[in-house]
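Architecture at a glance
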Protein chains: 2
Amino acid sequence: MSAQRKLCMIPGPIEFHEDVLASMATPATSHVDPLFVPVFGESIEMVRQVVLSEKAQPFITSGSGTLGWDMMVNLLEAGDEVLVISTGYFGDHFAECLEVYGAKITTLTSDVGARPSNEEIKAAVSAKKYKMVTVTHVDTSTGVLSDIKSVAEIVKSISPETLVVVDGVCSVGSEEIRFDQWNLDVVITGSQKGLGVPPGLSIVVASPQAIDVFKTRKTPVPSYYSNWNKWLPIMEAYEARKPAYFATPAVQLVYALHTSLKQIVAGGVEARFAKHQQVAADFRKTVKDLGLKQVAQSEESSANGMTAIWLPEGVTVPQLVPALASKGIQIAGGIHKACATQYFRIGHMGISVMEDERQHIQKVKNALVSSLTELGYKA
Amino acid sequence: MSAQRKLCMIPGPIEFHEDVLASMATPATSHVDPLFVPVFGESIEMVRQVVLSEKAQPFITSGSGTLGWDMMVNLLEAGDEVLVISTGYFGDHFAECLEVYGAKITTLTSDVGARPSNEEIKAAVSAKKYKMVTVTHVDTSTGVLSDIKSVAEIVKSISPETLVVVDGVCSVGSEEIRFDQWNLDVVITGSQKGLGVPPGLSIVVASPQAIDVFKTRKTPVPSYYSNWNKWLPIMEAYEARKPAYFATPAVQLVYALHTSLKQIVAGGVEARFAKHQQVAADFRKTVKDLGLKQVAQSEESSANGMTAIWLPEGVTVPQLVPALASKGIQIAGGIHKACATQYFRIGHMGISVMEDERQHIQKVKNALVSSLTELGYKA
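Parameters at a glance
Residues numbered from 1 in each chain as written. Chains lettered and ligands numbered in written order. Predicted model: local features only at pLDDT ≥ 70, side-chain atom pairs only at ≥ 80, totals over all residues. Heavy atoms only, no water. Helix = DSSP H or I, 4+ residues; strand = E, 2+ residues; numbered from the N terminus. Rg over C-alpha atoms; globule rule 2.2 N^0.38 Å. Buried < 20%, exposed > 50% of the residue type's maximum accessible area, 1.4 Å probe, protein only. Contact = heavy atoms within 4.5 Å. Areas by Shrake-Rupley, 256 points an atom, 1.4 Å probe, with all protein chains shown as cover. Lys, Arg positive; Asp, Glu negative; His and termini not counted. Charge placed at Lys NZ, Arg CZ, Asp CG, Glu CD. UniProt positions renumbered as here; feature names shortened; annotations may be inferred. Least-squares fit on C-alpha atoms with pLDDT ≥ 70 in both. Buried area = accessible area lost by both parts, 1.4 Å probe. Salt bridge = Lys/Arg side-chain N within 4 Å of Asp/Glu carboxyl O. Polar contact = N/O pair within 3.5 Å; in protein donor to acceptor, adjacent residues only side chain to side chain. Core = buried A, V, L, I, M, F, W, Y, C linked by side-chain atoms within 4.5 Å. Domains from an automatic or database assignment. Nonpolar A, V, L, I, M, F, W, Y, C, P; charged D, E, K, R; others polar. Pairing = 2+ DSSP bridges. Axes fitted to C-alpha atoms, helices over the stretch in contact; angles between N-to-C directions. Parallel < 35°, antiparallel > 145°, perpendicular 65-115°, else oblique. Left-handed = near helix turned anticlockwise from the far one by under 90°. Phe/Tyr/Trp six-rings, centres within 6.5 Å; stacked < 30°, edge-to-face > 60°.

Turning our attention to the overall build of chain A. On a plain count of helices and strands, chain A comes out with 13 helices and 14 strands. Computed over the C-alpha atoms, the radius of gyration of chain A is 21 Å, within 12% of the 21 Å expected from 2.2 N^0.38 for a compact globule of 379 residues. For chain A, the spread of C-alpha atoms along the three principal axes comes to 60 × 55 × 35 Å. The buried share of chain A, reckoned over its 379 residues, is 65%. Here the analysis covers contacts within chain A between residues at least 6 apart in sequence; of these, 73% occur between residues at least 24 apart. Just so you have it, chain A exposes about 12,900 Å², and 52% of that area is on carbon and sulfur atoms. Counting 34 positive and 39 negative side-chain charges, chain A places the averaged centre of each group 1 Å from the other.

Residue and element names in this part refer to chain A. Mapped onto this numbering, the UniProt entry gives "modified residue: N6-(pyridoxal phosphate)lysine" (unreviewed entry) at Lys193. Exposure remark for Lys193: the relative accessible area of 7% places this residue in the buried category. When sequence neighbours within four positions are dropped, the list of residues in contact with Lys193 reads Pro11, Gly12, Ile14, Thr140, Val169, Cys170 and Met349.

This part takes up the relation of the copies chain A and chain B. Between the two copies, chain A and chain B, the superposition gives an RMSD of 0.0 Å; the rotation angle is 180° and the shift along the axis is 0.0 Å. Such a combination of turn and shift is consistent with a two-fold rotation axis. When each C-alpha of chain A is compared by its distance to the rotation axis, A:Gly63 comes out closest, at 2.1 Å. Of the residues that chain A buries at the interface, 100% are likewise interface residues in chain B, meaning the two copies contact each other through the same surface.

Attention now moves to the interface of chain A and chain B. In this assembly, 58 residues from chain A lie in contact with 58 residues from chain B. Sorting the residues of chain A by area buried against chain B places A:Ala28, A:Tyr224 and A:Tyr225 first, and these three jointly supply 15% of that buried surface. Applying the counting rule to chain A against chain B returns four salt bridges. Here chain A is connected to chain B by 20 residue pairs in polar contact (both at pLDDT 80 or more). Looking at which element gives the most residues to the side of chain A that touches chain B, the answer is helix α4 (residues 89-100) of chain A, with six residues.

What follows covers the nonpolar core. Residues A:Met72 and B:Met72 are the most contacted members of the largest nonpolar core, which totals 201 residues. When neighbours within four sequence positions are excluded, B:Met72 is seen to be in contact with B:Phe94, B:Leu98, B:Met132, B:Val165, B:Val186, B:Ile188, B:Val204 and B:Trp228.

A word on the side chain of B:Glu77. Residues and elements named next belong to chain B. With respect to the helices, strands and loops of the structure, Glu77 is situated in the loop between α3 (66-70) and β3 (81-85). In this structure, Glu77 is buried with no salt-bridge partner, the nearest side chain bearing the opposite charge being Lys131 at 4.4 Å. Among the polar contacts listed, one links the side chain of Glu77 to the backbone nitrogen of Lys218, at a separation of 3.0 Å. Residues contacting Glu77, with those up to four places away along its chain left out, are Gly102, Lys131, Arg217, Lys218 and Thr219.

Turning our attention to the pattern of salt bridges. Taken as a whole and assessed by the stated rule, the structure comprises 42 salt bridges over all chains. A:Lys230 is the salt-bridge partner of B:Glu96, the closest N and O atoms lying 2.6 Å from each other. Of the two residues, B:Glu96 sits in helix α4 (residues 89-100) while A:Lys230 sits in helix α8 (residues 228-239), which places them in two different chains. For B:Arg178, the salt bridge goes to B:Glu176, with nearest N and O atoms at 2.6 Å. Judged by its relative accessible area of 27%, B:Glu176 is partly exposed. Overlapping salt bridges, with partners in common, bring together A:Glu18, A:Glu355 and A:Arg358 in one network.

Quite often, the size of an interface is put as the accessible area lost when its parts meet. Residue and element names in this part refer to chain A. Each domain of chain A was delimited in the assignment, giving domain 1 (7-14 + 269-374) and domain 2 (18-266). Measuring from the centre of the C-alpha atoms in domain 1 to the corresponding centre in domain 2 gives 26 Å. The partner domain 2 presents 33 residues to the 31 residues of domain 1 that form the contact. Here domain 1 meets domain 2 over a buried area of about 2,600 Å², counting both sides, of which 57% is carbon and sulfur. For the domain 1 face of the interface with domain 2, the top three residues by lost area are Val269, Arg272 and Phe273, together amounting to 21%. Taken together, domain 1 and domain 2 are joined by four salt bridges. Of the charged contacts in the structure, one is a salt bridge between Lys337 and Asp92, with a shortest N-O distance of 3.5 Å. For the pair domain 1 and domain 2, the number of links is 14 residue pairs in polar contact (both at pLDDT 80 or more). Contributions of two or more residues to the side of domain 1 that touches domain 2 are made by α10 (269-289), β11 (306-310) and β14 (343-347). Of the residues forming the side of domain 1 that touches domain 2, the biggest block, six residues, is contributed by α10. Its residues placed into classes, the side of domain 1 that touches domain 2 shows 16 nonpolar, nine polar and six charged.

Turning to the environment of B:Val353, a few remarks are in order. Within the secondary structure, B:Val353 is located in helix α12 (residues 351-354). Sequence separation between B:Val353 and B:Asn227 is 126 residues; the distance between their C-alpha atoms is 36 Å.

Moving on: the sheet that holds strand β9 (residues 186-190) of chain A. Sheets are built from strands that pair by backbone hydrogen bonding, the pairs being arranged parallel or antiparallel. All names here are of chain A. What the seven strands build is an open sheet, ordered β2-β10-β9-β8-β5-β3-β4; its pairing is mixed. Each having just a single partner strand, β2 (57-62) and β4 (104-108) make up the two edges of the open sheet. Within this sheet the neighbouring strands show an average axis-to-axis angle of 20°, counted without direction. The pairing of β9 with strand β10 (residues 201-206) spans five bridges and is antiparallel. Its bridge partner being in β10, Ile188 is matched across the sheet by Val204. Along the sheet, α8 makes contact with β2 and β10, crossing β2 at roughly 105°.

Moving on, we get to the packing of α10(A) against helix α13 (residues 360-374) of chain A. All names here are of chain A. Two elements in contact, α10 and α13, have axes whose closest approach is 11 Å; the angle formed by their N-to-C orientations is 15°. By the angle between their directions, the pair α10 and α13 is classed as roughly parallel. For the crossing formed where α10 meets α13, the hand is right-handed. When α10 is examined against α13, the residues Val279, Asp282, Phe283 and Thr286 are found in contact with a partner set consisting of Ile361, Val364 and Lys365.

On to the packing of aromatic side chains. The full count for this structure, using the stated rule, is 32 aromatic pairs over all chains. Centroid distance A:Phe36 to A:Phe40: 5.7 Å. Interplanar angle 45°. Geometry classified as tilted. Remark: A:Phe40 and A:Phe36 occur in helix α2 (residues 36-50); sequence separation between them is four residues, near one turn of the helix. Assigned by exposure class, A:Phe36 and A:Phe40 land together as buried. Centre to centre, the rings of A:Phe59 and A:Trp228 are 4.4 Å apart; their planes meet at 10°, and the pair counts as stacked. Residue A:Phe59 is located in strand β2, and its partner A:Trp228 is located in helix α8; the two are separated by 169 residues in the primary sequence. Of the two residues, A:Phe59 and A:Trp228, neither departs from the other in class, the shared state being buried. Members of the aromatic cluster, connected to one another through ring pairs, are A:Trp69, A:Tyr89, A:Phe90, A:Phe94, B:Tyr224, B:Tyr225, B:Trp231, B:Tyr245 and B:Phe246.

This part takes up the pairing of strand β10 (residues 201-206) of chain B. Successive side chains on a regular strand alternate, one facing one side of the sheet and the next facing the other. Residues and elements named next belong to chain B. Of all the six residues making up β10, six are buried; the element is thus mostly covered by neighbouring parts of the structure. Side chains Leu201, Ile203 and Val205 project from β10 onto one buried face, and the interleaved Ser202, Val204 and Ala206 project onto a second face that is buried too. Here six bridges tie strand β2 (residues 57-62) to β10, and the two strands are oriented antiparallel to one another. Note that in β10 the partner of Gln57 across the bridge is Ala206.

Here you go:
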C-alpha cells in the first residue's frame, strides 16, 4: 500500500481547505486573549446559522463527535423512555450510550439499507410516551439518509413534549437541516465531516425546549466533563464576547472551525445543500452505470455526503481499498456488523463537492473504475 | 489592548515549536490510514517514556485536560473514599468532579501558597482507608509544587492498595516525574502545557495496579465517552500498529503531539527537568530582586513551569496585563477564588525554556520590569 498521502475520500475526516489548515497552525494564543474571544463567539453564531436556527444554543467543546452523544446525559434522567430510530452501527451505539445514562431504550430498526417507514415511526411514537426520540440523519455505516423533517413532524404532532434528537455527525454541512422550521431539539455533530475541519471538536445544538428540559431536571447531571451546567455559561460568555473558563478550549481547532464556517456561510447553506444533492445524485448514477448497487435502498433514502456500495462478486475490501490507495485515493471499507466485508464507502462532502476545480469527485470515479477493471470486474 | 499576537507566556497554552504547528496543518488523513497508525502508536510509547515508565498504559483522547479528571470514573465506585490533597483551584475542582461520580471526598488543604506537610498527609492517610489519594502536582492557580514522590511514598507505605492519582496538567513535560520509581498510579495531563502541543488532547497514564482496579470493579462504569472499556482496546491496537475505532481521534493534534514528543525524547527528559528547574530558579531570583513575593511559600514548593506572583501595592491586574500585552507579552491574572485580583501568573515551559536563543524568558522579564516601572512601582 502506498505510503504517500492520499486524497481522503472516506465519510470523514474529509479533505480540508488550505485556509482551514493554515488556521490549524495559528501560533499559541491564550483562550482568553481578546484576539481569540471573538473568533470563538462568531463560531458559535455561525454554527447556529449553518443549521438555520435563530434561537438554538450551540455547544462547541473539545472532543470527538461521540462526545455529543454523551451530552444527552443532560436531558435524560434514570428511567426515561427513549425511542432510537436506528439505520445502522451509529444508531445502535447511540442507544448503547444513552443506556449508560439510565435510559430505557426502544429501538426501531429495519433491514440493512432500509429505514423505518413513517407509519412505523408513527406507531412506535403512539405506543408509548417518550422523553426523547433519536434519529441518525445519515448513518455512516450504511449511507442511509433519514427523513428527519417527517420524524420531527410525527413526533411533535403526537407528543410535543418529546425531544427530537438528531445525530447529524455525518450530515451537518452536507445535508439539508432546518433546525427551527422542522422543530428539532438537538443536532449533534463533529468537526471533521460536512463542516470541513480536522477532528477534535464536538458540536451540539440545542433548542430552547431542550435547554428548558435540562434546566428543570429533577436530578443532578451524573457527568462532569459533559455537564451543560459547566458549558452553558462558557458558551454564553464567549458569544457575549467575554472570556470564561471551565476547560481550555481547543484554540487552534476553533480558529479552523471559524475559517471553515465563514466559507460555508459566505457560500450560502441553501447552495451548499443543493450542490451536495446534485453531486451525490451524479455519483449514484456513476455507481449504477457501473452495474453496482448501493446499500441505501432508494434514491430518497440515500445520503448526499457519502455513498455505501455493495462489492461486486469476486472483489473484496482488502483488494479494492489498496487498489484505490495505489492511485492516491483513500476510501473506506464497511463497518456494519451484519455485512462489514461486503461493501465499501466513499465520502463526498465539503470542498471535494463545492469546489469543482479540485476534481476530487472525478478522481475518485476514475480510480474506482480502473481499480474494478484491474480486479477483473466487468460492468 | 494590542490586537497583535503576543508571546503566550501564561501557564498554558504555551508557545509552540514551528514544527509542531506545521504538524497541526497536516492535510486530511484517515484515522485508520497506514500513515497515521504508527504516528499514534509511537505517540503512546513516547508518552510512557516522558513519564519514565515501562509498563504504564497511556490514554490519548480527544478532549481538554479536564477530561482526564472525568476518566477517574473508571477507578471509582459509588461510596469510595477519596483523599484530595488540594493546593488551589484545580485541587478543589478535581474534588468536585470526583464527587459527581459518587466519591466521598476528604479534602486536605492549607493556606494559599502553602501545601499540606508530609506529617499532615501521613495523619490523613492513616486516619481512614482510601480508595484513592489525589494530588495536584502543580496547581496552576497558585504555582505550588507538590512533593508527589513523598506523597506516593507515604500512601503506599501505609496502604499499598490505595491509588495515587497525580493531576499533572501543569507538570508533565516540565516537572520531574518518575512514574514507575515513585509508584504512581495515574498521571493526568493535557497537551497544551509542558508537552508543547495546542490544546485538545487529554492524556492519562495508568499503572498496572490502576488498570487492575478498573478491570476488577464490581459495578459498570457510569460513563460512555470516558469509559476505558472503550478506549483501552483502541490504545492497545494502535500501539500494536493496528487501526481501531471507537471515536475519531484528533488526527492533526496527534501528529503535533508526535512531533513534540519526538523533540522531548530526543533532548532527554532528565535534561528537560534540569533546564526547567534552572530557568525557574533564575526567574524566581528576578522576582525576588524586583522586591516582589511569589505566592508559593518556599523554594522547594515552587513550580518549575510557572510562577504566581503577588501584585505590589498600587498595581492591579487590569493595569499590568495590558501593560505587558502592549509590549507583546501575554501573561495571566490570578484565578484562586480567595485572592484572584491580588496576583498574576507567568508560564515558563517548553520551547520558551529549552531554547535560549528564542529569548522568551528574557523578553518577559524585560517587559515585566518596564511595565512595573511605568505603573509607578519602584523595586
